[in-house]
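Here's the letter readout for the chains.
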Amino acid sequence: PPPPTPPPPAPPPPAVPTPSGSPSPSPPAPLLPSRPPFSPLPEGIVVEEVPVIKFTIIVTISAEVNDIDVTELEASFRPAQQCFLTECKLTVTLHPVEQSAARRALQTAQTTASSTASVLKNGNTLSAVRNASYEFAQMSATQAGNILNQPVSEVDPNVNEREDTEPRAVAPPPPSAPPTPPPPSSPSPDVEPQSTDPPCFPSSATVQRADGETAPLSSLSAGD
């Protein structure tokens, strides 16, 4: 007899309808791993949470946010606050100022620029960053505008100084130097290096005879 015909393949399971009647959506794709905060570090360099002090100064610029180049503005703030790598990191943020209807009619847009210098608490440049930040906050709008190359209309005279911690790539301390070996001991001055005499009776010693005369030990003979 001919072989039996195999059964047809089973149909796929029907989609489970949702309350709205449409098929259920496919499961979400797996999330990609987040980007690490630091690029691959050289050997021996580690990332640690270190104490820092932050100084934030604020100015108001008469311009639209989109008309301000943040990179150029950061380059101008950096020397103004004496914030240079690697001890100090600078962050500049821009926020549009809410305008009233009258100001919008006059097309006088304004933007708030905040510059935060984050310097190592135990670093060598902390004093320079602090002094420069407070000096900038006391400048006029014209002086600040000349430094930042922006139409500054106002400078906040207050500096927001605060302590914080942040991750930094640091090098471990160098290994301690090995202890210095002690200097070689020198022979006693009354012992000749080439002499075989016992140290307590060197040949250079002197003796006093019975008659009171002093003579070197090497000149004595039996009976003296």
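As shown above, the structure is provided for reference.
Everything numeric in this text was worked out from a predicted model, so none of it was measured. (Residues numbered from 1 in each chain as written. Predicted model: local features only at pLDDT ≥ 70, side-chain atom pairs only at ≥ 80, totals over all residues. Heavy atoms only, no water.)

## Details of the nonpolar core
Basically, it comes down to this: In this description, a nonpolar core means a group of buried Ala, Val, Leu, Ile, Met, Phe, Trp, Tyr and Cys residues linked to one another through side-chain atoms lying within 4.5 Å. Think of it in three bands: residues with accessible area under 20% of the maximum for their type are buried, residues over 50% are exposed, and the middle band is partly exposed, with areas taken using a 1.4 Å probe on protein chains only. We count a stretch as a helix when DSSP gives it H or I for four or more residues in a row; a strand needs E for two or more, and each element gets its number in order from the N terminus. Every residue pair with non-hydrogen atoms within 4.5 Å of one another is taken to be in contact.
One finds Val59, Ile61, Leu73, Phe77 and Phe136 to be the most contacted residues of the largest nonpolar core, which totals 27 residues. When residues of this core are traced back to their parent elements, those giving at least two are β1 (46–61), α1 (70–80), β2 (88–96), β3 (111–120), α3 (126–137), α4 (141–148) and β4 (152–155). Looking at this core element by element, the count peaks at 5 residues for β1. Apart from residues lying up to four places away in sequence, phenylalanine 77 is in contact with Ile57, Val59, Leu90, Val92, Ser115, Phe136 and Leu148.

## Regarding α3
Going by this rule: Any helix carries an expected span of 1.5 Å times its number of residues minus one. The reported arc concerns the directions from the helix axis to the C-beta atoms and nothing else.
With 12 residues, α3 ought to run about 16 Å at 1.5 Å a step, and its terminal C-alpha atoms sit 17 Å apart, in line with that. Every buried residue of α3 is listed here: Leu126, Val129, Ala132, Ser133, Phe136 and Ala137. Down the axis of α3, the buried set is contained in an arc of 140°. They therefore lie on one face.

## Some remarks on the pattern of salt bridges
Our working definition: The term salt bridge refers to a side-chain nitrogen of Lys or Arg lying within 4 Å of a carboxyl oxygen of Asp or Glu.
Counting across every chain of the model gives 4 salt bridges. Glutamate 163 is the salt-bridge partner of lysine 121, the closest N and O atoms lying 3.2 Å from each other. With lysine 121 in the loop between β3 and α3 and glutamate 163 in strand β5 (residues 160–170), this residue pair connects regions lying 42 residues apart in the sequence. Look at lysine 121 and you get partly exposed, because its relative accessible area is 35%.

## Some points on the state of the cysteines
Counted only if it meets this: By definition, disulfides here are pairs of cysteine sulfur atoms that lie within 2.5 Å.
As enumerated under the stated definition, the model contains 1 disulfide in all. Each sulfur in the disulfide pair cysteine 83 and cysteine 88 lies 2.0 Å from the other. Every disulfide takes its handedness from the sign of the S-S torsion; for cysteine 83 and cysteine 88 that torsion is -100°, giving left-handed.

## Here we look at α4
Residues of α4 that are buried: Ala144, Gly145 and Leu148. One side of α4 holds all its buried residues, which, seen down the axis, span an arc of 100°. Summarising the geometry of α4, the exposed residues directed more than 90 degrees from the buried face are Thr142 and Asn146. Directly after α4, the chain includes asparagine 149, whose backbone phi takes a positive value near 60°.

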